[in-house]
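This is what each chain is made of:
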Amino acid sequence: MSRTADILLTALAPAVWGSTYLVTTEFLPEGYPITLAVLRALPAGLLLLAVTRSLPPRNWLGRVMLLGALNFAAFWTLLFVAAHQLPGGVAATVTSLQALMVIGLARGWLGAPVRAAAVVAAITGVAGVGLLLLGPGAPPDPAGIAAALGAAAAMAAGTVLSRKWQPSVPALSFTAWQLTAGGLILLPLSLFLEPALPPLSGANLGGLLWLGLVGAAATYWIWFRGVARIEPGSVAMLGLMSPVTAVVLGWIWLGQALSPLQILGAAIVLGSVLASQLANRPARAQGVSRAASP
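In this structure, what is going on with the overall build of the chain? I would like to understand it.
Each helix and strand counted, the chain has 14 helices and zero strands in total. When the helices and strands of the chain are read in sequence order from the N terminus, they spell out α-α-α-α-α-α-α-α-α-α-α-α-α-α. Its C-alpha atoms give the chain a radius of gyration of 19 Å, near enough to 19 Å, the size a compact globule of 294 residues would have. Projected onto its principal axes, the C-alpha positions of the chain cover 65 × 50 × 35 Å. With 294 residues in all, the chain has 47% of them scored as buried. Of all intrachain contacts in the chain linking residues separated by at least 6 positions in sequence, the fraction that spans at least 24 positions is 89%. Considering the chain, the positive charge centre built from 14 side chains and the negative charge centre built from 6 side chains are found 23 Å apart.

Below you can see the structure in the form of structure tokens.
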């Protein structure tokens, strides 16, 4: 599969993740963020383990637990905290800084080059997310900002380490290991920190099935497959597709109006994602492109 096809396929994952806010607010009970995260991660991980029939070898257990903690347990928990502490789209804007963090971590851990055009694209993308989501008069909350920055750092570290540590198994097995590990880490937290769930309605079950089967099992398989094939800076920028999808779904499903600034923000985000893919192309591909120019 070509690099362009890999990028388009990988972009589907954050595009689907943009539906998380709508599904959570419209179809799931309120006040159980950690429990719902467990129900999203653990059944999906166990299902994929049953399908792949692949368990991590003993020398991989530490790495898998760390990746599960970063990509799921820490990221999802801190993101829920940030969403409750910060108004509007502040949490999404702060967590979009993970694209910049990935560039720095990839340089330190993978020796990846830092390209000025990629840095500019990442900064522009963050600005576009701000225009897309931020409303007027949104006072920052220190605890919420810290949680959002922690979520961004967890996702950035998990993305780079998932690229650095590539086991000799298919991406589906690697996804199963991490989802299961993240769910097992979150399980005791949900039991000790949250009350028991009320009886679930059909809408609740439908929302959980969507977030678990599509929003976790399928999309994270696509995501980790892309992490293994695409440059870290490129794959991180694809995460900015999530807030664009969230705003579009709010417009289509909830009838929320789109302001001219939001439309401009969406255009900036999409343009920065495209620019980052061009800036992060492997040197050989860039050389071939220049040689083909008149």
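Here the narrative resumes.
Is there a simple way to think about the nonpolar core in this case?
In summary, soluble globular proteins display a tendency toward joint burial of nonpolar side chains. Core analysis: the largest hydrophobic core is formed by 62 residues, its most contacted members being Phe75, Trp76, Leu179, Leu186, Tyr220 and Trp223. When sequence neighbours within four positions are dropped, the list of residues in contact with Phe75 reads Ala69, Leu70, Ala151, Ala154, Met155 and Tyr220.

Can you walk me through the environment of Val273 in this structure?
Mapping Val273 onto the fold places it in helix H13 (residues 260–279). For Val273, the residues in contact, after removing those within four places along its chain, are Met237, Leu238 and Leu240.

Could you clarify how one ought to interpret a nonpolar patch on the surface in this entry?
Together, Val248, Trp251, Ile252, Trp253, Leu254, Leu258 and Ile263 line one region of the surface with nonpolar side chains, adding up to about 700 Å² of accessible area. Broken down by element, the nonpolar patch gets its largest block of residues, four residues, from helix H12 (residues 241–253). Its location among the elements puts Leu254 in the loop between H12 and H13.

Is there a simple way to think about helix H10 (residues 202–229) in this case?
Along an α-helix, a turn takes 3.6 residues, which lines up residues three or four apart on a common side. Spanning 28 residues, H10 covers 38 Å between terminal C-alpha atoms, matching the ideal 40 Å at 1.5 Å per step. At Thr219, H10 shows its maximal bend, which comes to roughly 35°.

I tried to follow the packing of helix H7 (residues 116–133) against H13 on my own but got confused; where do I start?
Two packed helices can be described by the angle between their axes and the distance between those axes. At a minimum axis separation of 7 Å, H7 and H13 run at an interaxial angle of 160°. Here H13 runs roughly antiparallel to H7, going by the angle between their axes. The hand of the H7/H13 crossing is left-handed. Each of Ala117, Ala118, Ala121, Thr124, Gly125, Gly128, Val129, Leu131 and Leu132 in H7 lies in contact with H13, whose residues at this interface are Leu261, Gln262, Leu264, Gly265, Ala266, Ile268, Val269, Ser272, Ala275, Ser276 and Ala279. Tallied by class, the residues present in the contact of H7 with H13 amount to 13 nonpolar, seven polar and no charged.

Parameters and conventions
- Per chain, residues are indexed from 1 in the order of the written sequence.
- Confidence filtering applies because this is a predicted model: local features only for residues at pLDDT of at least 70, side-chain atom pairs given and counted only at 80 or more, and all residues used for totals across whole chains, interfaces and linings.
- For the side-chain quantities, the full set of heavy atoms in the structure was used; hydrogens and water were omitted.
- Each helix corresponds to a stretch of at least 4 residues labelled H or I by DSSP, and each strand to a stretch of at least 2 residues labelled E; elements are numbered beginning at the N terminus.
- Throughout, the radius of gyration refers to the C-alpha atoms, and the reference size of a globule is 2.2 Å times the residue count to the power 0.38.
- Note on classification: 1.4 Å probe, protein chains only; a residue is buried when its accessible area is under 20% of the maximum for its type, exposed when over 50%, partly exposed between these limits.
- The contact criterion used is simple: two residues touch if any of their non-hydrogen atoms lie within 4.5 Å.
- Only four residue types enter the charge count: Lys and Arg as positive, Asp and Glu as negative, with His and the chain ends excluded.
- All charge positions are set by atom: Lys at NZ, Arg at CZ, Asp at CG, Glu at CD.
- Definition of nonpolar core: a set of buried residues of the types Ala, Val, Leu, Ile, Met, Phe, Trp, Tyr and Cys, connected through side-chain atoms within 4.5 Å.
- Two joining distances apply to patches: 9 Å for like charges and 5 Å for nonpolar side chains (Val, Leu, Ile, Met, Phe, Trp, Tyr), and every residue must have over 30% relative accessible area and no salt bridge.
- Per-residue and other accessible areas were derived by the Shrake-Rupley procedure at a 1.4 Å probe size, with only the shown protein chains allowed to occlude residues.
- By salt bridge we mean one thing: a side-chain nitrogen of Lys or Arg within 4 Å of a carboxyl oxygen of Asp or Glu.
- Any helix carries an expected span of 1.5 Å times its number of residues minus one.
- For a residue, the bend is simply the angle between two axes, fitted respectively to the seven-residue segment ending there and the seven-residue segment starting there.
- Between N-to-C directions, angles cover 0 to 180 degrees, with each direction set by a line fitted to C-alpha atoms, over the stretch in contact for helices.
- Any angle between 65 and 115 degrees counts as roughly perpendicular, while under 35 counts as roughly parallel, over 145 as roughly antiparallel, and the rest as oblique.
- By convention the crossing between two helices is left-handed if the near helix lies anticlockwise of the far one by an angle smaller than a right angle, and right-handed if it lies clockwise.
- Gly falls in the polar group here, along with every residue not listed as nonpolar (Ala, Val, Leu, Ile, Met, Phe, Trp, Tyr, Cys, Pro) or charged (Asp, Glu, Lys, Arg).

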